[in-house]
Amino acid sequence: MDSFKFNIIGCIEQYQDFQGAIKWLEKGKREASDENFIQLIRDVFSHFLRRHQFSNAEKFLNFDLIPTALCDDLQNTYSAELYRCKKELATNELKRLLDCRKFAEAEIFFTNNTDLISVEDYQYLLRDSKISWLQEVKNKLTPLLERFQFEEAQMFYQTVTESISWDDFQSLMARYAAKHQEKQLLDHARSLLEAGEFKKADEVLMQCKQPESVAKYEEIKAQRLARFFNENFAKVKSLSDEQYLAVADTSKNLLLRARAGSGKTTTLSSKIAYLVRGEKIDPNQIVALCFNRAATENIIKKLATDFDIKYREKENIATFHSLAGQISPKEPGVETLFDDRDPLAKQKFTGYVESILEKKWDDPFTDLKDGDISRNSESIFRFFKNIAANFRYARYKDVIYAIAREDKRFDTDEEANDLENQGILYGSKEHYLYRRNLSYITLDGKHVKSFGEKCIADYLFEHGINYRYEPNYLMGKHPYYPDFELYDHKLIIEHWGIDENDRQKRVPKTWLKTWDDYKREMTEKRAFWKAFSKNGFSDPLLETNITHLKGGRDSFEKIISKILSARGIHNERLPIDEIINKLSHNLRSEFSKKIVSYIQKTKQNKLSPEEMKQKIDAVGYPKYSKVNVFLNLANVIYKQYEADKENDKKIDFYDFLINAEKRIDESRGDCLLRSGVNLKELKWLLIDEFQDFSPLFMTLIKVIQKYNPRIKLFCVGDDWQAINAFAGSDVELFKQFRSEFPDNSAIKDLTTNWRSTPGIVNFGNEIMTGHGVESTVNPYNSESSVVQHRNINGAWLDIKEAKAEFGIETDVDVVLLRYLDQAVKIIDQYLEKLKADNKYKLLILSRKLKIKQYSLDELTRKIEAFFIKKYPEEKNKIKSLFNEQIDEKGDTYRQIEAKTAHQSKGLESNVVIVLEATNRCFPLLHPDSLLFEIFGDKLDKVVDEERRLFYVACTRAKSDLYLLYEEDYHKTRTLTEFYPLS
């Protein structure tokens, strides 16, 4: 049939020979089946339609040979295809007109062809064309605008007015005109920078509105400052790019987040030097504030030595209290209650509080007198009620003794309430931390691991039975620390942490070991003590367990009494007054520290005793609960402190700040400083250690800004080193810098650690992973470093020999000996370097002031004695390592010294040894922290601060770091969880 189709099509298409086509069609009809004939007709017709030969198709349909039904069907197809084709042609014509940007002609064409083109299609094509055209216009217009050829752009616009509205064109012109102005300003500022006119350059920049212009300018300025410093400050080593950018910053309020070892003091001093020499600002119009006098002296020396800029002490480079004292001087005869070298130090402050407590020691504490104290009530006074029939109101010393004695954090409803108050999910990681790390403090000040142990220790103390907590024994190859040794009676007490008869074999949720593991250890220990007894002596082991606590403390104490009596130990409770007298000095001293923390926190938060009383009552603590009694007693002492202070003509650090704020407000900022400059005339306020800010400090700065709105702030700090919450500091203020100072504020980073080797820097980052911007390594420092943790129980120690080496003649805790032994082994490795280079330093750090029974000073003296005995021919040289020396700047230092982690802040040392790097010292979660929940001291915040404290301790090291810890048989005390084990 193909030949018939081609002949029919050829006759019509090439020759318009319709008769010839009919003949071929007739022939096809004769020779083909009906089905094939119909298909032939359809194929020929489709051919004409595909080629838009509508005339040929129409004539073909008129052939008589085509069946009527088929003709009707094809006619419908013909009409539809004809319409489609016309629509397509019309649409293509419309597109052509639009592509030629003949929008008016296109509109007329559409109007004449609305039967073929819908309104929606027209609008779509018009919009698409205009967008395309607009892009073309912009592509041609933008280069003109980018070259700021505004006249040429105007001329071009006249040729494309149909494609872009006048308003859009004007908006585009305005945007590039603003950029042009920014460029002109930036060029002008650059030329002023080149001329050394820094202040004028900054003033020009202030007219710029675009952040990218400011950033670009500061980059240019930083480069110019590098040359300026090289030309003007020959004594100063070149700053880093980060430091120059910080000095170049043009913000009104800047927070410089400076990580450990990043040179924040150098940067702050360089900023002052630049302002004085570069911007020609009167030094007296620049005030720098620090938290302690040592920091101010450091800056003053640096400015004088490196930059030849002289500042007098206690004037414009000052502590906060010094500035406050200039604004509102204390009256003649008024004594300060703080150490002038460190206003946050507690020496005079605590002493004064303790003197108030001493006066009240035997007075009745009647502030909670309303209401009866039942023998069965959950009250810290119930103990007195049970032992003194006529007891009703306790003396101050009785209340303080009861607070020290009380501690109910074990698996009872009391713990559940604590957890609920802190928002801690039972069984969660936070609960684990709560249970595992929260130290229990005995009456005589020992840290124990459980409430049961605290009950035992307190009972022994109250009954005059001498004991040693966790003495050191060797069981096979493992160090072993039984809970208590009653050394006068040669007895051991173990307080087991499981119920041996528990069919469910439950263990506390915080344990990492199973019931079976613990039971196996119990069996081994029992066997050890059975074998330990010799020469007919009875088994020395006395046992208690957690089931004995189910009846409460009173019931447990009766069990302890029965167990001791069975071994012939007289255990009659000492008279209460005798117990308290034994404790008095330590009890009063320790409680005074709690009161001091309370007063610091209240005053830093600007709360009076009356306001605190309302706050305490609003919380709704149970009336005779430990927390409520403590807070009420503390608040009474606080009120007495305020009254006595006024009567005795004394003033504390916080009063200075409060009085200064009042004076500024009353005078509307018209305050003359010691330098002769009015507060309103100050141009710059630089603040060191901004992470230690509190609401009280913030209030002082805000009131200065209120009456001197043009003053600029340059704040430096490190939120990773915020470790002074005990004194009322709040790291949240650091995090809220932009909201506290919203006017043209910025935050910049100093991340490069120039002090330490890469190993120390990376170790510090791992400690703080997930807590903010990390430190970066000095790219020029490729030195290797030692980062090592040592288990002090990992080696054999001859106790007698060790005591002789350290010159110890009295009884001493074996754990202390082990720490001393490991410390001297490490120090011995560096002794030659220490002797050869008097700038080489080794720092021993501790979380606490004491290691077992030794203070850090005593510890240092024992280490010194060890080396003198070992190297007697170098006695004088050894002594010099431990004695004060004076550096070339006149500052005193020791090559080997021991400090607490808190005291180490701001120091650096080639080698650092951290003692007691265990998970019960880092973090050290003192139970008293729960007394201060009212100030927001939640457990998670305390743990975060402990992490930061560990970071501070570790990052004092320049090159080598050693973390010493003890791992015992129970594995209950192991390496601190802050150690970033992979």
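Up top you'll find the structure we're talking about.
Residues numbered from 1 in each chain as written. Predicted model: local features only at pLDDT ≥ 70, side-chain atom pairs only at ≥ 80, totals over all residues. Heavy atoms only, no water.

Draft legend 1. Looking closely at the overall build of the chain. Along the backbone of the chain there are 36 helices and 27 strands. Its C-alpha atoms give the chain a radius of gyration of 43 Å, clearly above 30 Å, the size a compact globule of 982 residues would have. With respect to the principal axes defined by its C-alpha atoms, the chain has extents near 140 × 80 × 70 Å. Burial statistics for the chain: of 982 residues in total, 54% are counted as buried. A fraction of 72% describes how many contacts in the chain between residues 6 or more apart in sequence connect residues 24 or more apart. As presented, the chain carries roughly 45,500 Å² of accessible surface, and 48% of it is formed by carbon and sulfur atoms. (Helix = DSSP H or I, 4+ residues; strand = E, 2+ residues; numbered from the N terminus. Rg over C-alpha atoms; globule rule 2.2 N^0.38 Å. Buried < 20%, exposed > 50% of the residue type's maximum accessible area, 1.4 Å probe, protein only. Contact = heavy atoms within 4.5 Å. Areas by Shrake-Rupley, 256 points an atom, 1.4 Å probe, with all protein chains shown as cover.)

Draft legend 2. Spatial organisation of the sheet that holds strand β11 (residues 491-496). One open sheet accounts for 4 strands, arranged β7-β10-β11-β12; its pairing is mixed. Here the strands that pair on one side only, and so sit at the sheet edges, are β7 (468-469) and β12 (541-545). As paired elements, strand β10 (residues 484-486) and β11 share 3 bridges and run antiparallel to each other. Its bridge partner being in β11, Glu 485 is matched across the sheet by Ile 492. Sitting on the sheet, helix α21 (residues 451-462) is in contact with β7, β10, β11 and β12, with an inclination near 20° to β10. Contacts from helix α22 (residues 515-532) reach β11 and β12 within the one sheet, and its direction differs from that of β11 by about 170°. (Pairing = 2+ DSSP bridges. Axes fitted to C-alpha atoms, helices over the stretch in contact; angles between N-to-C directions.)

Draft legend 3. Quick look at the packing of aromatic side chains. Tallied over the entire structure, the rule returns 45 aromatic pairs. Between Tyr 598 and Tyr 638, the ring centres sit 6.2 Å apart and the planes meet at 75°, which makes this aromatic pair edge-to-face. With Tyr 598 in helix α24 (residues 576-604) and Tyr 638 in helix α26 (residues 626-647), this pair connects stretches of sequence that are 40 residues apart. For the residue pair Tyr 598 and Tyr 638, the accessibility class agrees, reading buried in each case. Ring centres of Phe 690 and Phe 734 lie 6.3 Å apart, and the angle between their planes is 45°; this geometry places the pair in the tilted category. Within this pair, whereas Phe 690 is found in the loop between β14 (684-687) and α28 (695-707), its partner Phe 734 is found in helix α29 (residues 732-735), the two being separated by 44 residues in sequence. Phe 734 shares its class with Phe 690; the two are buried. (Phe/Tyr/Trp six-rings, centres within 6.5 Å; stacked < 30°, edge-to-face > 60°.)

Draft legend 4. Geometry of the nonpolar core. Counting residues in hydrophobic clusters, the biggest one holds 88 residues, and the most contacted among them are Phe 320, Tyr 598, Phe 690 and Phe 693. Leave out the neighbours within four places in its chain, and Phe 693 touches Phe 291, Phe 320, Ile 687, Met 698, Ile 701, Ser 729, Asp 730 and Leu 733. One finds Tyr 217, Leu 254, Ile 281 and Ile 300 within the second-largest nonpolar core, a separate group that totals 50 residues. (Core = buried A, V, L, I, M, F, W, Y, C linked by side-chain atoms within 4.5 Å.)

Draft legend 5. Main features of helix α18 (residues 396-405). Of all 10 residues in α18, 9 are buried, a share of seventy percent or more. Among all positions in α18, only Tyr 396, Lys 397, Asp 398, Val 399, Ile 400, Tyr 401, Ala 402, Ile 403 and Arg 405 are buried.

Draft legend 6. Local environment of helix α15 (residues 320-327). Counting buried positions along α15 yields 8 of 8 residues, so the element is predominantly enclosed. For α15, the full list of buried residues reads Phe 320, His 321, Ser 322, Leu 323, Ala 324, Gly 325, Gln 326 and Ile 327. The inward-facing, buried residues of α15 abut β2 (286-290), β3 (317-319), α27 (653-667), β14 and α28.

Draft legend 7. Here's a closer look at the pattern of salt bridges. On inspection of all chains with the given rule, the structure shows 61 salt bridges. Between Lys 397 and Asp 362 there is a salt bridge, with its nearest N and O atoms 2.6 Å apart. On the criterion of sequence distance, the pair formed by Lys 397 in helix α18 and Asp 362 in the loop between α16 (347-360) and α17 (382-387) is long-range, its members being 35 residues apart. Look at Lys 397 and you get buried, because its relative accessible area is 6%. (Salt bridge = Lys/Arg side-chain N within 4 Å of Asp/Glu carboxyl O.)

Draft legend 8. Broad picture of the packing of α18 against α26. Packing of α18 against α26 leaves a shortest axis separation of 10 Å and a crossing angle of 140°. The angle between α18 and α26 places the two elements in the oblique class. Judged by the twist between their axes, the crossing of α18 over α26 is left-handed. Each of Tyr 396, Val 399, Ile 400 and Ile 403 in α18 lies in contact with α26, whose residues at this interface are Lys 626, Val 629, Phe 630, Leu 633, Val 636 and Ile 637. Taken together, the residues that form the contact of α18 with α26 break down as 9 nonpolar, no polar and 1 charged. (Parallel < 35°, antiparallel > 145°, perpendicular 65-115°, else oblique. Left-handed = near helix turned anticlockwise from the far one by under 90°. Nonpolar A, V, L, I, M, F, W, Y, C, P; charged D, E, K, R; others polar.)

Draft legend 9. Region of the structure containing the sheet that holds strand β1 (residues 253-258). On the basis of which strands lie adjacent, the open sheet formed by 6 strands has the order β3-β2-β14-β15-β1-β16 and parallel pairing. The open sheet is flanked by β3 and β16 (745-750), the only strands paired with a single partner. Along the sheet, successive strands turn relative to each other by an average axial angle of 20°, direction set aside. Both β1 and β16 contribute to a ladder of 6 bridges, which runs parallel. When the bridges of β16 are listed, Leu 256 appears paired with Lys 748.

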